[in-house]
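The primary structure of each chain is shown beneath.
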Amino acid sequence: MNTGVLGANSLVGACVIERLRKDGRRPVAFSRHPPDGSAGAGVTWVRISDSISPLPEIPPIKDWLCVAPIWVLPQYFPVLEACGAGRVGALSSTSILVKRGSSNPGERDIADRLAQGEQALRVWAEAHGVEWVILRPTLIYGCGRDKNLTEIIRFVRRWGFFPLLGQAGGLRQPVHAEDVAVACVSALTLSAVANRTYTLSGGETLPYREMVCRVFAVVGKVPRLVTIPRWMFQVAVAAVHLVPRYRHWTVEMAERMNRDLVFDHTDAARDLGFSPRSFVLSHEDLPV
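Residues numbered from 1 in each chain as written. Predicted model: local features only at pLDDT ≥ 70, side-chain atom pairs only at ≥ 80, totals over all residues. Heavy atoms only, no water.

Participant: Go over the overall build of the chain with me, naming the residues and quoting the values.
Facilitator: In terms of helices and strands, the chain carries ten helices and 13 strands. For a compact globule of 288 residues, the expected C-alpha radius of gyration is about 19 Å, and the chain comes in at 20 Å, within 12% of that figure. With respect to the principal axes defined by its C-alpha atoms, the chain has extents near 55 × 40 × 40 Å. Counting across all 288 residues of the chain, residues that qualify as buried make up 51%. Only carbon and sulfur atoms are counted for the fraction: they give 53% of the accessible area of the chain, which is about 13500 Å². (Helix = DSSP H or I, 4+ residues; strand = E, 2+ residues; numbered from the N terminus. Rg over C-alpha atoms; globule rule 2.2 N^0.38 Å. Buried < 20%, exposed > 50% of the residue type's maximum accessible area, 1.4 Å probe, protein only. Areas by Shrake-Rupley, 256 points an atom, 1.4 Å probe, with all protein chains shown as cover.)

Participant: I'd like a rundown of the side chain of Ser102, residues and numbers included.
Facilitator: Relative to the assigned elements, Ser102 resides in the loop between helix H3 (95-98) and helix H4 (105-128). Polar contacts involving the side chain of Ser102 include one to the side chain of Glu107, which spans 2.7 Å. When neighbours within four sequence positions are excluded, Ser102 is seen to be in contact with Glu107, Arg108 and Glu252. (Polar contact = N/O pair within 3.5 Å; in protein donor to acceptor, adjacent residues only side chain to side chain. Contact = heavy atoms within 4.5 Å.)

Participant: A description of the side chain of Arg136 should follow, citing residues and the corresponding values.
Facilitator: Counting through the fold element by element, Arg136 comes out in strand E6 (residues 131-137). Overall, Arg136 belongs to the buried group, its relative accessible area being 15%. Only 2.8 Å separates the side chain of Arg136 from the side chain of Glu118, close enough to count as a polar contact. Not counting residues up to four positions away in its chain, the partners in contact with Arg136 are Ser92, Ser93, Thr94, Ile96, Leu97, Glu118, Arg122, Thr197, Tyr198, Thr199 and Leu200.

Participant: Quick one: what's the story with the nonpolar core, residue by residue and with numbers?
Facilitator: Residues Val12, Val16, Leu135, Val180, Cys184 and Leu272 are the most contacted members of the largest nonpolar core, which totals 31 residues. At the level of secondary structure, the elements contributing two or more residues to this core comprise helix H1 (11-22), E6, helix H6 (177-189), strand E11 (196-200) and helix H10 (266-272). Setting aside anything within four residues of it in sequence, one finds Val12 in contact with Val67, Leu91, Ile140, Ala177, Val180 and Ala181. Within the second largest apolar cluster, 29 residues are counted, among which are Val156, Leu206, Val215 and Trp249. (Core = buried A, V, L, I, M, F, W, Y, C linked by side-chain atoms within 4.5 Å.)

Participant: Break down the sheet that holds strand E5 (residues 87-91) for me, citing the residues and quoting the values.
Facilitator: Taken together, the seven strands give an open sheet; going across it, the order is E3-E2-E1-E4-E5-E6-E11, and neighbouring strands pair in parallel fashion. The outermost strands of the open sheet, each flanked by one partner alone, are strand E3 (44-47) and E11. If you compare each strand with its neighbour and ignore which way they point, the axes differ by 20° on average. Here strand E4 (residues 63-66) runs beside E5; their pairing, made up of four bridges, is parallel. In the strand pairing of E5, Cys66 is matched with Ala90. (Pairing = 2+ DSSP bridges. Axes fitted to C-alpha atoms, helices over the stretch in contact; angles between N-to-C directions.)

Participant: An account of the layout of surface pockets is needed here, citing residue identities and associated values.
Facilitator: Its boundaries defined by the atoms lining it, the second largest pocket holds a volume of some 210 Å³. If you trace the second largest pocket, you find 14 residues lining it, with Phe155, Pro163, Ala236, Val240 and Trp249 closest to the centre. Those elements that provide at least two residues to the lining of the second largest pocket are helix H5 (149-159) and helix H8 (230-240). Examining the composition of the lining of the second largest pocket, we find that five residues originate from one element, H8, more than from any other. A breakdown of the residues in the lining of the second largest pocket according to their chemical character gives 13 nonpolar, no polar and one charged. (1 Å grid on protein atoms, 1.4 Å probe; cavity = no way out; pocket = protein on both sides within 12 Å on 5 of 7 lines; lining within 4 Å. Points joined across faces, edges and corners; volume = space filled by probe spheres on them. Nonpolar A, V, L, I, M, F, W, Y, C, P; charged D, E, K, R; others polar.)

Participant: Any chance you could break down helix H7 (residues 208-218) for me, citing the residues and the numbers?
Facilitator: Buried residues of H7: Tyr208, Met211, Val212, Cys213, Val215, Phe216 and Val218, and no others. Contact partners of the buried residues in H7: H5, strand E8 (162-165), strand E9 (171-172), strand E12 (206-207) and strand E13 (225-228). Positioned one or two residues after H7, Gly220 has a phi angle of 75°, which is positive.

Participant: Give me the pattern of salt bridges: which residues, what numbers.
Facilitator: Under the defined criterion, the tally for this structure stands at 18 salt bridges. A salt bridge links Glu107 to Arg256; its shortest N-O distance comes to 2.8 Å. Of the two residues, Glu107 is situated in helix H4 and Arg256 in the loop between helix H9 (251-255) and H10; the sequence distance between them amounts to 149 residues. Judged on exposure class, the residue Glu107 and its partner Arg256 are both buried. Taking the shortest distance from any N to any O, the salt bridge between Asp109 and Arg113 comes out at 3.8 Å. Here Arg113 and Asp109 lie together in helix H4, a separation of four residues that amounts to about one turn. One network of salt bridges, with partners in common, ties together Arg196, Asp267, Arg270 and Asp271. (Salt bridge = Lys/Arg side-chain N within 4 Å of Asp/Glu carboxyl O.)

So this is what it looks like as structure tokens:
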């Protein structure tokens, strides 16, 4: 059975493709930059661009997964229609709830784009008789490719310490990309989950401070956590913005170190069989 994957080169996309192959499905992977050479047996890669006209030559595909940012999905609705889509699973984020009240305009914009992407999928799917499933994971990590913990890991490796605002006791539920991928594939195969939204949180709830300590442990360093006041964080953020890798860092991100970001995945466990692992970083989760 063909399964379309939008955002196939992303972290979750790579995990989804591997899961689909294990389940005996044939992934049709869509990406702006398909890998060179062999992509592995049973995977068909289709190059896409911002312009989807004319439509690429692709086979009928009933099941689709979008693991690209959900706000880009509407531009590919014509492709899904042409391929006879019957169900679409799309990855959103709990940031839709966390960032909508942020004092940072960029973060509020992300929450708005997530909300608009979700609503666009619902409206389009209902108008075309297509089933939809929206998945909202918490902080995704894994395989050394995430945009969350890898930044902490790189900072710790380079500087040997990590700055914290206050006690940094806000609770977190990191979820591994492979567990998210399993839920994505389940969203295509179970009839009871159609036209529903699910939260995917990690299997362990722990304080932000402890999460950072486990980063030190996996890179073989003694934890050096430096508590600094808010005004100093403002100065530090302004300074690190000179480094391209850290331009997305904000004071609001630091303030959330002391906020609980806890979400219930009971519905996903019941309907999708979602059973996420505890937060255990391995060397395979470290960036190169």
